[in-house]
Amino acid sequence: VKNESNEIKKERVLLAGVHLGLKNIIEDTVKYVEQLHSDKSSVEKHDIAKENILNLLTEKKITITDLELEVMIESACNNIKKDKKKDEGQKQWVQ
């Protein structure tokens, strides 16, 4: 039973690492698309990011459901928006 417990812990750590890796790939790609395609609509940027992420994950033989991908893209977009608001608030204090 103790060995089973250690195996479960190892699997959880591995899954957490995979999730973090996916999160980083998705966030980096969303930021990249935001910078490179600032002239495009949100929908166009979303589609470009999704296509790029799927290509990267396919190259690495990583599978993800459409729902998981959508949730992670939306989360990355929200984080970018929050960071922009923080930056704008800090700029106002400096001025």
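Here, the structure is the one placed above.
Residues numbered from 1 in each chain as written. Predicted model: local features only at pLDDT ≥ 70, side-chain atom pairs only at ≥ 80, totals over all residues. Heavy atoms only, no water.

A. Region of interest: the overall build of the protein chain. A count of helical and extended segments in the protein chain gives 3 helices and 0 strands. Reading the secondary structure of the protein chain in the N-to-C direction produces α-α-α. The buried share among the 95 residues of the protein chain stands at 21%. Considering only intrachain contacts with a sequence separation of at least 6, the fraction spanning at least 24 residues in the protein chain is 55%. Just so you have it, the protein chain exposes about 7,700 Å², and 54% of that area is on carbon and sulfur atoms. (Helix = DSSP H or I, 4+ residues; strand = E, 2+ residues; numbered from the N terminus. Buried < 20%, exposed > 50% of the residue type's maximum accessible area, 1.4 Å probe, protein only. Contact = heavy atoms within 4.5 Å. Areas by Shrake-Rupley, 256 points an atom, 1.4 Å probe, with all protein chains shown as cover.)

B. The pattern of salt bridges, seen in detail. Going through the model one piece at a time under the given rule, you end up with 5 salt bridges. The partner of lysine 45 in a salt bridge is glutamate 34, with the nearest N and O atoms 3.2 Å apart. You can see lysine 45 sitting in helix H2 (residues 42-59) and its partner glutamate 34 sitting in helix H1 (residues 2-36), a full 11 residues away along the chain. A salt bridge links lysine 50 to aspartate 66, with the nearest nitrogen and oxygen atoms 2.7 Å apart. Taken as a pair, lysine 50 in helix H2 and aspartate 66 in helix H3 (residues 66-94) lie far apart in primary sequence, 16 residues in all. Lysine 50 gets classed as buried once you look at its relative accessible area, which sits at 19%. Accessibility expressed as a relative area gives 48% for aspartate 66, which makes it partly exposed. A single network of salt bridges, built from pairs that share partners, joins Glu34, Lys45 and Lys84. (Salt bridge = Lys/Arg side-chain N within 4 Å of Asp/Glu carboxyl O.)

That's the geometry; what it means functionally is another story.
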